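Observations on chain architecture
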Amino acid sequence: MDDYDETKDDEVYDATAAAVVELGNTMMDKEGEDLSWTIASGLLAGAVQYWLYSRQPCDDPDCEDCAPYSTAELRQEELLEEVLGYVLSSEYLHSPNDRDVGRA
Ligand SMILES: [Zn+2]
């Protein structure tokens, strides 16, 4: 990417993540909490589609920027690694109701 602006990048990242959460809340207000799992899965499906679309390699087979995304398998690995990072850093990963949590 030319003229990389980290501040702008952070702002767009945060705004996009917030917009997705807001969309989920809007959909739940409209469709009801009973469909929260369906809404979350729909958000995830759309996010995966968008992510894969954004990581399509350019037509230069020697492009270094696109090297990590230059095959379907590599894109899949990159996507799963990124998703795992979000999972492990989420405040919602662990729940007090988890079956493997001891209760006092
Ligand atoms: Zn490229």
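For the structure, see preceding data.
First, a word on what this report is: a plain description of the structure on this page. The structure presented is a predicted model; accordingly, all values stated were derived computationally and were not measured.

Reading the values: rules and limits
Residues numbered from 1 in each chain as written. Predicted model: local features only at pLDDT ≥ 70, side-chain atom pairs only at ≥ 80, totals over all residues. Helix = DSSP H or I, 4+ residues; strand = E, 2+ residues; numbered from the N terminus. Rg over C-alpha atoms; globule rule 2.2 N^0.38 Å. Buried ≥ 20, exposed ≤ 12 C-beta atoms within 10 Å, placed from the backbone. Axes fitted to C-alpha atoms, helices over the stretch in contact; angles between N-to-C directions. Left-handed = near helix turned anticlockwise from the far one by under 90°. Contact = placed C-beta atoms within 7 Å. Nonpolar A, V, L, I, M, F, W, Y, C, P; charged D, E, K, R; others polar. Expected span 1.5 Å × (residues − 1).

**A word on the overall build of the protein**
- A count of helical and extended segments in the protein gives three helices and zero strands.
- Along the protein, from the amino end to the carboxyl end, the secondary structure elements read α-α-α.
- Its C-alpha radius of gyration of 18 Å places the protein more than 25% over the 13 Å reference for a compact globule of 104 residues.
- Each principal axis of the C-alpha distribution contributes one length, and for the protein these read about 55 × 35 × 30 Å.
- Across the 104 residues of the protein, 0% fall into the buried class.

**Points about the packing of helix H1 (residues 6-31) against helix H2 (residues 36-54)**
- In the contact formed by H1 and H2, the axes pass within 10 Å of each other and the chain directions differ by 145 degrees. The handedness of the crossing between H1 and H2 is right-handed. Residues Val20, Leu23, Gly24, Met27, Met28 and Glu31 of H1 form the contact with H2, whose participating residues are Ser36, Ile39, Ala40, Leu43 and Ala47.
- Across the contact of H1 with H2, the residue classes break down as eight nonpolar, two polar and one charged.

**Some words on helix H3 (residues 72-89)**
- With 18 residues, H3 ought to run about 26 Å at 1.5 Å a step, and its terminal C-alpha atoms sit 26 Å apart, in line with that.
- Sparse coverage of H3 is indicated by the burial of zero of its 18 residues.

**A look at H1**
- Relative to the 38 Å expected for 26 residues at 1.5 Å per residue, H1 spans 37 Å between its end C-alpha atoms, a close match to the ideal helical length.
- In terms of burial, H1 is a largely surface element, zero of the 26 residues being buried.
- Where H1 ends, the next residue or the one after it, Gly32, has phi of about 105 degrees, a positive value.

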